[in-house]
Amino acid sequence: MKITNVEFVKGVIGDNYSLDDGLPHIAFLGRSNVGKSSTINSLLNRKNLVRVSKKPGKTREANFYCINDICYFVDFPGYGYAKCSQKERDKLAKRILWYIQHATTKPNIVVLIIDAQVGITPTDDEMIKTLKNNHHQIIIIANKIDKLNQKSLVSKISAIKNKVSDVDIFPYSAQTKQGQEKLLELFGSILTTGS
Ligand SMILES: Nc1nc2c(ncn2[C@@H]2O[C@H](COP(=O)(O)OP(=O)(O)OP(=O)(O)O)[C@@H](O)[C@H]2O)c(=O)[nH]1
Ligand SMILES: [Mg+2]
């Protein structure tokens with residue numbers, strides 16, 4: 001998949017925000033600060049299209065980007081950010097869950113991003129269960145592999161694979177774009193064949 005055109009369409013705060021115009025969604029979910037927004041920027045070869053911050057909790061809305069007029073990339077707020085209030089955390093979790101459970105245009109793919117160094121946390125586990133229960137197709141991006149040497153990379157990725165043996169894992173770095181070509185190829189093939 002070659003990215004030729006990207007357009008920010010809208011950021012949505014409320015519950016009822018699915019863009020239901022028939023275009024497939026590729027939704028990027030994951031804990032706060034794992035690099036969802038950075039990953040989208042890197043896949044699109046844009047530096048600052050999607051807002052990124054050193055502080056977790058940057059993305060507060062579900063932001064829809066229309067790609068090549070054929071699909072949306074949806075950048076979600078992160079879940080599980082310990083430093084915001086419980087009320088705020090519940091609100092963000094509710095937004096994400098609403099999307100997963102009720103959005104009329106189901107995403108074709110949910111890209112769950114994790115930090116390769118940290119692996120699958122209990123909150124990620126919960127999210128994976130919820131996604132599976134709602135019949136979403138999931139892939140996992142293990143991001144920030146630029147922080148790992150080859151030896152730890154191999155052992156971290158194998159630990160992740162052991163935990164979720166039925167989901168495809170893609171080692172990735174939003175910083176160096178390692179893994180970019182493989183992912184774009186996968187998205188392209190899912191969008192054309194639907195699987
Ligand atoms: N070393 C390294 N740092 C990264 C990578 N991806 C993201 N980061 C850094 O991680 C931090 C968080 O990145 P974001 O893209 O804002 O993360 P997010 O998941 O969108 O965060 P929220 O919107 O708060 O949920 C930033 O400081 C990024 O520069 C990566 O592949 N490697
Ligand atoms: Mg973000």
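Here, every reference points to the structure presented above.
Residues numbered from 1 in each chain as written. Chains lettered and ligands numbered in written order. Predicted model: local features only at pLDDT ≥ 70, side-chain atom pairs only at ≥ 80, totals over all residues. Heavy atoms only, no water.

A few words now on the packing of aromatic side chains. Applying the stated criterion across every chain yields a total of five aromatic pairs. Measuring from centroid to centroid gives 5.2 Å for Phe 8 and Tyr 65, while their planes differ by 50 degrees, and the two rings are tilted. Of this pair, Phe 8 sits in strand β1 (residues 6-12) while Tyr 65 is found in strand β3 (residues 62-67), placing the two residues 57 residues apart along the sequence. Assessed through its relative accessible area of 4%, Tyr 65 is described here as buried. Centroid distance Phe 64 to Tyr 72: 5.9 Å. Interplanar angle 80 degrees. Geometry classified as edge-to-face. For the residue pair Phe 64 and Tyr 72, the accessibility class agrees, reading buried in each case. An aromatic cluster of at least three residues, connected via ring pairs, comprises Phe 28, Phe 73 and Phe 187. (Phe/Tyr/Trp six-rings, centres within 6.5 Å; stacked < 30°, edge-to-face > 60°. Helix = DSSP H or I, 4+ residues; strand = E, 2+ residues; numbered from the N terminus. Buried < 20%, exposed > 50% of the residue type's maximum accessible area, 1.4 Å probe, protein only.)

Counting across every chain of the model gives two salt bridges. Here Arg 31 and Asp 124 are joined by a salt bridge, their closest N and O atoms 3.8 Å apart. Here Arg 31, found in the loop between β2 (25-30) and α1 (36-43), pairs with Asp 124, found in helix α3 (residues 122-133); they are 93 residues apart in sequence, far enough to count as distant. Residue classification places Arg 31 among the buried positions, given a relative accessible area of 18%. The closest approach of N and O atoms between Asp 166 and Lys 132, which form a salt bridge, is 2.8 Å. Of this pair, Asp 166 sits in the loop between α4 (150-163) and β7 (168-171) while Lys 132 sits in helix α3, and the two are 34 residues apart along the sequence. Asp 166 gets classed as exposed once you look at its relative accessible area, which sits at 56%. Among the residues examined, Lys 132 registers a relative accessible area of 34% and is labelled partly exposed. (Salt bridge = Lys/Arg side-chain N within 4 Å of Asp/Glu carboxyl O.)

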